[in-house]
Structure formats: C-alpha cells, structure tokens
Amino acid sequence: MATVPTRDLELSLLERARALFKPLTANSNSTQETENLAPTRICIAGIDEVGRGAIAGPLAVGIAVIDGGEGEPPAGLTDSKQLTAKRREAMFEELAAWPAAWAVGTATATEIDKEGLTPALRLATFRALDALAKSGYNPQIVLLDGSFDYLTPPSDLFSATDSGFPSLPIADSCPPRTSPKVTTLVKGDAKSVVIAAASVLAKVSRDRLMSDLADPGYGWAKNKGYASAQHMAAISQLGLDSYHRLSWTLQGVSSATVAQAWNNRRERPAQSPQVFSTQKG
C-alpha cells in the first residue's frame with residue numbers, strides 16, 4: 001500500500017516563513033531593513049528530481065509551491081514511484097491546478113556530460129526557480145527530497161571548488177537573487193505532500209518529453225531513457241544516440257561506439273533544456 005503524505009510539515013513551515021519574513025514594501029530601502037524581507041507573497045516549496053539514474057535523456061527537477069491558499073491535494077497523491085504511469089497521467093491535470101505555482105526544470109544529456117550529475121541537478125533546479133520567480137513566486141523555505149543539500153551555495157572559496165557548481169554561462173546558471181532556506185527530508189516524497197506533488201509533476205513532464213523524442217528504435221516512450229533489456233539490445237544494434245549520457249560507462253558498449261556518438265553529437269544542433277511551468281489564476 002502506498003504511503004500517503006500529509007500537509008502538517010508544510011503548514012508548519014509556512015507559519016515559520018510568515019514569522020521570519022516580512023513583506024517587502026516600497027519604503028523598505030536600507031540594507032539592514034531589507035535583510036529579512038520577502039516579496040509580498042510568502043510561500044514555501046517542495047523539490048524532487050527524476051531521471052538521475054537514466055542513461056539517456058534529461059535530468060528533471062520539479063518544484064511545487066504552496067502559499068496557504070490551496071485546498072486539499074488530489075486524493076492518492078504520493079511518491080511518483082509508488083504510482084503507476086497511468087495513475088500519474090490521470091491525476092496530472094488536477095495536480096497541476098493544486099499548488100499556487102509549479103515548475104519543472106531540466107538539464108540535457110550534453111550538460112550532464114559536460115558538468116557532471118550534481119551540477120546538472122543544481123542547474124535544472126535553478127531553471128525551475130527562475131521560472132517561478134518570473135511568475136512572482138520566490139519561496140522563502142524549500143523542502144528538498146533526500147539528505148544532500150545541493151541548492152545552498154558553499155560558505156567558502158575552497159568548498160566551492162568541489163561543490164558541483166555549474167561552469168555554464170552565468171546568465172543561465174546563476175541562482176535566484178535570494179537563495180531560499182533549505183530543509184532536507186529523507187524519503188520526503190513519501191512524507192511531504194508538496195514534495196510528492198513536485199515528484200509527480202517532474203515525472204510526468206519528463207516522461208512526456210522522452211515519449212516525444214525522435215526515436216530510431218531505442219524505445220524512448222517505453223523505457224524513458226532507463227537501461228531496460230530492450231534499450232540495451234537496441235544500443236548493441238544502433239549504437240549510441242546524442243541523447244545518451246556519453247560520459248557514463250555502459251557495460252557492453254565499446255569505446256569506438258562511444259567515440260562515434262561524440263562525433264555525431266558535435267555535428268548536430270545543441271540540445272535545448274526545457275522548462276515547464278504554470279500557476280493558478
């Protein structure tokens with residue numbers, strides 16, 4: 001039986017955010033005065049990623065935002081991994097209308113190969129946060145699934161050298177002006193309803209993206225870029241595609257096959273990262 005998360009933690013954090021942050025006003029212009037100020041809209045968010053273990057396709061990070069104006073979430077909402085693909089699709093439209101706002105950011109296979117998995121994870125998160133900021137939502141507190149805080153900048157220069165920060169152009173990779181306070185939560189997608197929402201929104205968005213890719217025979221629509229037996233058999237017949245993560249070591253794939261895929265990628269247009277988002281009203 002799937003574990004159904006509650007909203008208790010989120011509502012508690014929302015009250016904390018309201019206590020910690022005061023709405024920003026036109027008269028708040030001194031550095032000291034604005035240090036703990038926030039945009040008029042006080043909100044918190046849940047963050048979860050999908051596609052970390054795939055061998056092809058993008059990494060996706062979902063963010064769901066609540067500000068206290070939501071009703072009850074869709075019945076049966078839980079960790080996306082505990083829901084069938086049919087159930088996730090069936091609840092998607094209702095779920096997309098539930099939070100105050102949501103966004104899913106991605107990092108391409110090319111970016112994963114260039115930057116590494118953790119920097120790409122962070123880059124996808126910043127893209128989603130940027131989409132939310134453009135809609136007027138800058139969560140003051142976020143619940144991050146897992147035990148590793150990949151969102152908070154390092155506190156010193158030396159830790160930054162190993163932090164996994166992207167080396168992509170600053171306009172594309174920089175974080176929002178004010179980084180949110182981060183609370184990590186192990187197995188958060190089964191404990192927090194806002195993380196569960198982010199999980200399902202990210203999963204469905206990425207699955208749809210994979211299903212829409214031009215497919216010469218890898219079975220993207222079925223395997224979603226994961227290393228199924230059918231997918232690996234297709235690689236043995238077709239070689240690797242530019243959507244594969246070419247920096248990863250894949251059992252049974254020769255170095256010559258990988259080298260050819262790198263050459264093919266250089267000859268093709270760069271993959272464009274996708275961002276999906278919406279908000280109520």
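Residues numbered from 1 in each chain as written. Predicted model: local features only at pLDDT ≥ 70, side-chain atom pairs only at ≥ 80, totals over all residues. Heavy atoms only, no water.

Peer 1: Let's hear about the environment of I195: which residues, and what values?
Peer 2: Within the secondary structure layout, I195 lies in helix α8 (residues 193-212). I195 gets classed as buried once you look at its relative accessible area, which sits at 0%. The spatial distance from the C-alpha of I195 to the C-alpha of L143 is 7.0 Å, given a sequence separation of 52 residues. Apart from the residues lying within four places of it in its own chain, the contact partners of I195 are G46, I47, D48, L143, L144, D145, L185, G188 and D189. (Helix = DSSP H or I, 4+ residues; strand = E, 2+ residues; numbered from the N terminus. Buried < 20%, exposed > 50% of the residue type's maximum accessible area, 1.4 Å probe, protein only. Contact = heavy atoms within 4.5 Å.)

Peer 1: Hey, could you go over the nonpolar core for me, with residue numbers and the actual values?
Peer 2: Note on soluble globular proteins: their nonpolar side chains tend to be buried together. Judged by nonpolar contacts, the single largest core of 32 residues is most densely connected at I44, L77, L95, V200 and L201. The set of elements that each furnish at least two residues to this core consists of α1 (8-20), β3 (44-50), β4 (59-66), α3 (85-96), β5 (101-107), β6 (141-145) and α8. In terms of residues, this core owes the most to one element, α8, which gives 10 residues. Formed by 25 residues, the second largest nonpolar core is a distinct cluster that contains A45, V65, Y150 and L151. (Core = buried A, V, L, I, M, F, W, Y, C linked by side-chain atoms within 4.5 Å.)

Peer 1: Got a sec to walk through the packing of α3 against α8? Specific residues and values, please.
Peer 2: Angle between the axes and distance between the axes: these two values describe a pair of packed helices. Following both chains from N to C, one finds α3 and α8 inclined at 120°, their axes separated by 10 Å at the closest point. Viewed along their axes, α3 and α8 adopt a mutual orientation that is oblique. Read as a crossing pair, α3 and α8 show a hand that is left-handed. Together, R88, E89, M91, F92, E93, L95 and A96 of α3 and A197, V200, L201, K203, V204, S205, D207 and R208 of α8 make up the contact between the two elements. In terms of residue class, the contact of α3 with α8 is made up of eight nonpolar, one polar and six charged. (Axes fitted to C-alpha atoms, helices over the stretch in contact; angles between N-to-C directions. Parallel < 35°, antiparallel > 145°, perpendicular 65-115°, else oblique. Left-handed = near helix turned anticlockwise from the far one by under 90°. Nonpolar A, V, L, I, M, F, W, Y, C, P; charged D, E, K, R; others polar.)

Peer 1: Now, about the pairing of β5: what can you tell me, with residues and values included?
Peer 2: Counting buried residues in β5 gives seven out of seven residues, a clear majority hidden from the surface. Here β5 shows two buried faces, one formed by A101, A103, G105 and A107 and the other by W102, V104 and T106. Inspection of the sheet shows β4 paired to β5 by seven bridges, in the antiparallel sense. Considered in β5, the bridge of A64 is made with W102. (Pairing = 2+ DSSP bridges.)

Peer 1: Now, about the side chain of R88: what can you tell me, with residues and values included?
Peer 2: Residue position: R88 is located in helix α3. Residues contacting R88, with those up to four places away along its chain left out, are S80, L83, V200, K203, V204 and D207.

Peer 1: Which residues make up the environment of V104, and what values do they have?
Peer 2: Mapped onto the elements of the fold, V104 is located in strand β5. Exposure remark for V104: the relative accessible area of 1% places this residue in the buried category. Residues V104 and K203 lie 99 residues apart in sequence; the distance between their C-alpha atoms is 9.3 Å. With sequence-adjacent residues up to four places away left out, V104 is seen in contact with A60, V61, G62, A128, L201, A202, S205, Q274, V275 and F276.

Peer 1: Report on the pattern of salt bridges, specifying residues and quantitative values.
Peer 2: For the structure on display, the rule yields 11 salt bridges. A salt bridge links R7 to E72, with the nearest nitrogen and oxygen atoms 3.1 Å apart. One end of the pair, R7, is in the segment before α1; the other, E72, is in the loop between β4 and α3, and 65 residues separate them in sequence. Across the pair R208 and E89 runs a salt bridge whose closest N-O atoms are separated by 2.9 Å. (Salt bridge = Lys/Arg side-chain N within 4 Å of Asp/Glu carboxyl O.)

Peer 1: Describe unusual backbone geometry, naming the residues involved and giving the relevant values.
Peer 2: In the Ramachandran plot, K187 falls in the positive-phi region, its phi being about 55° despite a non-glycine side chain. Relative to the elements of secondary structure, K187 occurs in the loop between β7 (181-185) and α8. Classification of K187 as exposed rests on a relative accessible area of 62%.

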